[in-house]
Amino acid sequence: MQYQKTQEAIKQLSAEQYRVTQENGTERPFTGEYDEHFEPGIYVDIVSGEPLFASSTKFNSGCGWPSFAKPINHENIAELHDQSHGMRRTEVRSKHGDSHLGHVFPDGPASMGGLRYCINSASLRFIAKENMQAEGYGDYLNQVTENI
C-alpha cells in the first residue's frame, strides 16, 4: 500500500484536524477522543493512512494526550528538533503524510523502552482489530494484542 498526502484527504479534515496536522497545532489536553481509548487495533495518520501506533504499545501517562511507547514502524515516523514555545523538544511527524502528530519525550515506562510518544488524537484514525484485514492493515495484526 502506498501512503501519501492528497488534496482530497486534506479536504476531508475537520477544522481541528487541519489545525493540528497542517498547522502544527496541539489539541487541548484531555479533550481528544483517543486519550482514554484502549480498544485493540492500530492508529493511522488521518491524512495518509500510514500505520503509526499499535494499541499494544499504548499506555495511560496521565498527560492528557494518547501516549505510545514506540511506533509500529520507525520508517513511517519523522523526528525533528523543535525549539518553539521556548522549549527543546522532538516533534513527531508522519513520514509520508507530513502530518504533525505530536512530540516524543524520554519519560515513558522503562519496561516499554523509556519513550513517550505524546500524540494528538486529531492526527489519528483508529482501526479496530476486527477491521484491520478488511481495511488493508492485516500485516499489522501481530502487533495488536487483546491484553493491553
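Preceding this section is the structure that the text describes.
In this report, we go over the structure that sits alongside the text. (Residues numbered from 1 in each chain as written. Predicted model: local features only at pLDDT ≥ 70, side-chain atom pairs only at ≥ 80, totals over all residues. Heavy atoms only, no water.)

## Describing the overall build of the chain
Stage number 1. From N to C terminus, the chain includes 3 helices and 9 strands.
Stage number 2. When the backbone C-alpha atoms are referred to their principal axes, the chain occupies close to 45 × 40 × 30 Å.
Stage number 3. Partitioning the contacts of the chain with sequence separation of at least 6, the portion at a separation of at least 24 is 57%.
Stage number 4. Summed over its atoms, the accessible surface of the chain is roughly 7,700 Å², and 46% of this surface lies on carbon and sulfur atoms. (Helix = DSSP H or I, 4+ residues; strand = E, 2+ residues; numbered from the N terminus. Contact = heavy atoms within 4.5 Å. Areas by Shrake-Rupley, 256 points an atom, 1.4 Å probe, with all protein chains shown as cover.)

## Concerning the environment of S99
Stage number 1. In this fold, S99 is placed in the loop between β6 (89-94) and β7 (100-105).
Stage number 2. In this structure the C-alpha to C-alpha distance between S99 and I77, which are 22 residues apart in sequence, comes to 9.8 Å.
Stage number 3. Polar side-chain contacts of S99 include one of 3.0 Å to the side chain of D45. (Polar contact = N/O pair within 3.5 Å; in protein donor to acceptor, adjacent residues only side chain to side chain.)

## Considering helix α2 (residues 15-22)
Along an α-helix, residues three or four positions apart point the same way, because every turn accommodates 3.6 residues.
Stage number 1. Taken residue by residue, α2 has Q17, V20 and T21 as its buried positions. Taken down its axis, α2 places every buried residue within 85° of arc, on the same side. (Buried < 20%, exposed > 50% of the residue type's maximum accessible area, 1.4 Å probe, protein only. Arc of directions from axis to C-beta.)

## Considering the sheet that holds strand β4 (residues 67-68)
Strand pairs in the sheet, formed through backbone hydrogen bonds, run parallel or antiparallel to each other.
Stage number 1. Ordered by their spatial adjacency, 6 strands build an open sheet running β3-β4-β8-β7-β6-β5, and the pairing between neighbours is antiparallel. Every interior strand has two partners, whereas the edge strands, β3 (58-59) and β5 (77-82), have only one.
Stage number 2. By the bridge criterion, 6 bridges tie β5 to β6 in an arrangement that is antiparallel. The residue bridging I77 from the neighbouring strand is S94, located in β6. (Pairing = 2+ DSSP bridges.)

## What about the pairing of β7?
The side chains of a regular strand alternate between the sheet's two faces.
Stage number 1. Where burial is concerned, most of β7 is hidden: 5 out of the 6 residues are buried.
Stage number 2. Inspection of the sheet shows β6 paired to β7 by 4 bridges, in the antiparallel sense. Directly across from V92, in β7, lies its bridge partner G102.
Stage number 3. Two elements, β7 and strand β8 (residues 116-119), share 4 bridges in a ladder whose sense is antiparallel. When the bridges of β8 are listed, V104 appears paired with Y117.

## Comments concerning the pairing of strand β2 (residues 51-54)
Stage number 1. In this sheet, β2 lies alongside strand β1 (residues 41-45) in antiparallel orientation, the contact comprising 3 bridges. Bridge assignment links I42 to a residue of β2, and that residue is A54.
Stage number 2. Between β1 and the antiparallel strand that follows it, β2, lie 5 residues; G49 among them carries a positive phi value of about 85°.

## Re the sheet that holds β1
Stage number 1. Here 3 strands make up an open sheet; going across it, the order is β2-β1-β9 and the pairing antiparallel. Either end of the sheet is taken by a strand with one partner, and the two such strands are β2 and β9 (124-128). Direction aside, the axes of adjacent strands within the sheet are offset by 30° on average.
Stage number 2. With 5 bridges connecting them, β1 and β9 associate as antiparallel partners. Bridge pairing in β9 links G41 to A128. (Axes fitted to C-alpha atoms, helices over the stretch in contact; angles between N-to-C directions.)

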